[in-house]
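# What the coordinates show
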Amino acid sequence: DAMVIQNPRYQVTQFGKPVTLSCSQTLNHNVMYWYQQKSSQAPKLLFHYYDKDFNNEADTPDNFQSRRPNTSFCFLDIRSPGLGDAAMYLCATSYEGLSPGAFFGQGTRLTVV
Amino acid sequence: GQSLEQPSEVTAVEGAIVQINCTYQTSGFYGLSWYQQHDGGAPTFLSYNGLDGLEETGRFSSFLSRSDSYGYLLLQELQMKDSASYFCADTMDSNYQLIWGAGTKLIIKP
């Protein structure tokens, strides 16, 4: 089945130690999103790609970077994780951002110790 | 600015009908989406309204009125498994972003 897959599901990292989260999709969607979601809050958009065009949200910290080497894969790099970066990280895809909506992976739960 | 307003919490009884409202103030509005998210899970797409009117998908329906900048999600024959958070989101036509409401926690009582 076509889907969005995030790895790993759970990631524990040390304070300040770089970490990379990955996302792959078999939907052939041209738009990919990275969201951060903390408990009882709405997902917060960090970045999105329209094809290879990268869009960085104005309030996304410089500590967060992203790469999209091809249509199917997207990575989120956190250069120096702080305790405040502990959250669920969600990858999503859509075709042109339109209906039938965005498809989400299962998320990566990041813990910073 | 861009904002979507929805109630923070709604309580209903199993078997009943519940409506979750969403009002929006956004520029470049393209359409309204609804997502369901269970605790610890990822959001899943429920419904999309690009045009005014009602869209029905099984027990769930969604409505949009562009003139009123208003939409709602209607859940019928509520089941305990419908207990979740529900988000409305605005699909912007530029940059292909989704602007999210803060979410409505739906609590269902037996």
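Look above for the structure.
As a starting point, this report considers the structure included with it. Computed from a predicted model, the values in this text were never measured in an experiment.

Conventions used here
- Residues numbered from 1 in each chain as written.
- Chains lettered and ligands numbered in written order.
- Predicted model: local features only at pLDDT ≥ 70, side-chain atom pairs only at ≥ 80, totals over all residues.
- Heavy atoms only, no water.
- Helix = DSSP H or I, 4+ residues; strand = E, 2+ residues; numbered from the N terminus.
- Rg over C-alpha atoms; globule rule 2.2 N^0.38 Å.
- Contact = heavy atoms within 4.5 Å.
- Lys, Arg positive; Asp, Glu negative; His and termini not counted.
- Charge placed at Lys NZ, Arg CZ, Asp CG, Glu CD.
- Nonpolar A, V, L, I, M, F, W, Y, C, P; charged D, E, K, R; others polar.
- Polar contact = N/O pair within 3.5 Å; in protein donor to acceptor, adjacent residues only side chain to side chain.
- Pairing = 2+ DSSP bridges.
- Axes fitted to C-alpha atoms, helices over the stretch in contact; angles between N-to-C directions.
- Salt bridge = Lys/Arg side-chain N within 4 Å of Asp/Glu carboxyl O.
- Buried < 20%, exposed > 50% of the residue type's maximum accessible area, 1.4 Å probe, protein only.

Moving on: the overall build of chain A. Each helix and strand counted, chain A has 0 helices and 11 strands in total. If you list the helices and strands of chain A from N to C, you get β-β-β-β-β-β-β-β-β-β-β. Relative to the 2.2 N^0.38 estimate, which gives 13 Å for 113 residues, the radius of gyration of chain A is 13 Å and therefore close to what a compact globule would have. Based on the C-alpha atoms only, the size of chain A along its principal axes is roughly 40 × 30 × 30 Å. Sequence-distant contacts in chain A: of pairs separated by 6 or more residues, those separated by 24 or more amount to 55%. Treating the 9 positive side-chain charges of chain A as one cloud and the 9 negative ones as another, the clouds have centres 9 Å apart.

What follows is about the environment of alanine 92 of chain A. All names here are of chain A. Counting through the fold element by element, alanine 92 comes out in strand E9 (residues 87-94). Expressed as a C-alpha distance, the spacing of alanine 92 and tyrosine 33, which sit 59 residues apart in the sequence, is 5.0 Å. Excluding residues within four positions of it along the chain, alanine 92 makes contact with Val31, Met32, Tyr33, Tyr35, Ala102, Phe103 and Phe104.

What follows is about the interface of chain A and chain B. Contact with chain A, which involves 24 residues of that partner, is made by 17 residues of chain B. Only strand E4 (31-37), strand E5 (44-50) and E9 of chain A provide two or more residues apiece to the side of chain A that touches chain B. With 4 residues, E4 of chain A is the largest single contributor of residues to the side of chain A that touches chain B. Of the residues belonging to the side of chain A that touches chain B, the class tally is 13 nonpolar, 9 polar and 2 charged.

To continue, consider the side chain of glutamine 6 of chain A. Residue and element names in this part refer to chain A. For glutamine 6, the location among the structural elements is in strand E1 (residues 4-7). At a separation of 2.9 Å, a polar atom in the side chain of glutamine 6 contacts the main-chain carbonyl oxygen of tyrosine 89. There is a polar contact of 3.0 Å between the side chain of glutamine 6 and the backbone nitrogen of glycine 107. If sequence neighbours within four positions are ignored, glutamine 6 has contacts with Ser22, Cys23, Trp34, Tyr89, Leu90, Cys91, Gly105, Gln106, Gly107 and Thr108.

As a further point, take the sheet that holds strand E7 (residues 64-70) of chain A. Sheets are built from strands paired through backbone hydrogen bonds, the pairs being either parallel or antiparallel. Residues and elements named next belong to chain A. In space, the 4 strands of this open sheet follow the order E1-E3-E8-E7, with antiparallel pairing throughout. Each having just a single partner strand, E1 and E7 make up the two edges of the open sheet. Direction aside, neighbouring strands of the sheet carry axes that sit 20 degrees apart on average. With 5 bridges joining them, E7 and strand E8 (residues 73-78) adopt antiparallel strand pairing. Looking at the pairing, glutamine 65 lines up with aspartate 77 of E8.

Let's shift gears to the sheet that holds strand E3 (residues 18-25) of chain B. Residues and elements named next belong to chain B. The antiparallel open sheet is built from 5 strands, whose spatial order is E1-E3-E8-E7-E6. The open sheet has two edge strands, strand E1 (3-5) and strand E6 (53-57), and neither has a second partner. Sheet twist, expressed as the mean angle between neighbouring strand axes with direction ignored, is 20 degrees. Two elements, E3 and strand E8 (residues 70-75), share 6 bridges in a ladder whose sense is antiparallel. Across the sheet, glutamine 19 pairs through a bridge with leucine 74, a residue of E8.

Enumeration according to the criterion identifies 3 salt bridges over all chains in this entry. Residue aspartate 77 of chain A is joined to arginine 67 of chain A by a salt bridge in which the shortest nitrogen-to-oxygen separation is 2.8 Å. Placement of the pair is aspartate 77 of chain A in strand E8 and arginine 67 of chain A in strand E7, with a sequence separation of 10 residues. Given a relative accessible area of 14%, aspartate 77 of chain A falls into the buried group. When the shortest N-O distance is used, the salt bridge between aspartate 82 of chain B and arginine 59 of chain B registers 2.8 Å. Of this pair, aspartate 82 of chain B sits in the loop between E8 and strand E9 (84-92) while arginine 59 of chain B sits in the loop between E6 and strand E7 (60-65); the two residues are 23 residues apart in sequence, bridging distant segments of the chain.

Residues and elements named next belong to chain A. Within the secondary structure layout, glutamine 14 lies in the loop between strand E2 (10-13) and strand E3 (19-25). Note: C-alpha distance between glutamine 14 and valine 113 (99 residues apart in sequence) is 4.9 Å. Here glutamine 14 is in contact with Pro81, Val112 and Val113, once residues within four sequence places are set aside.

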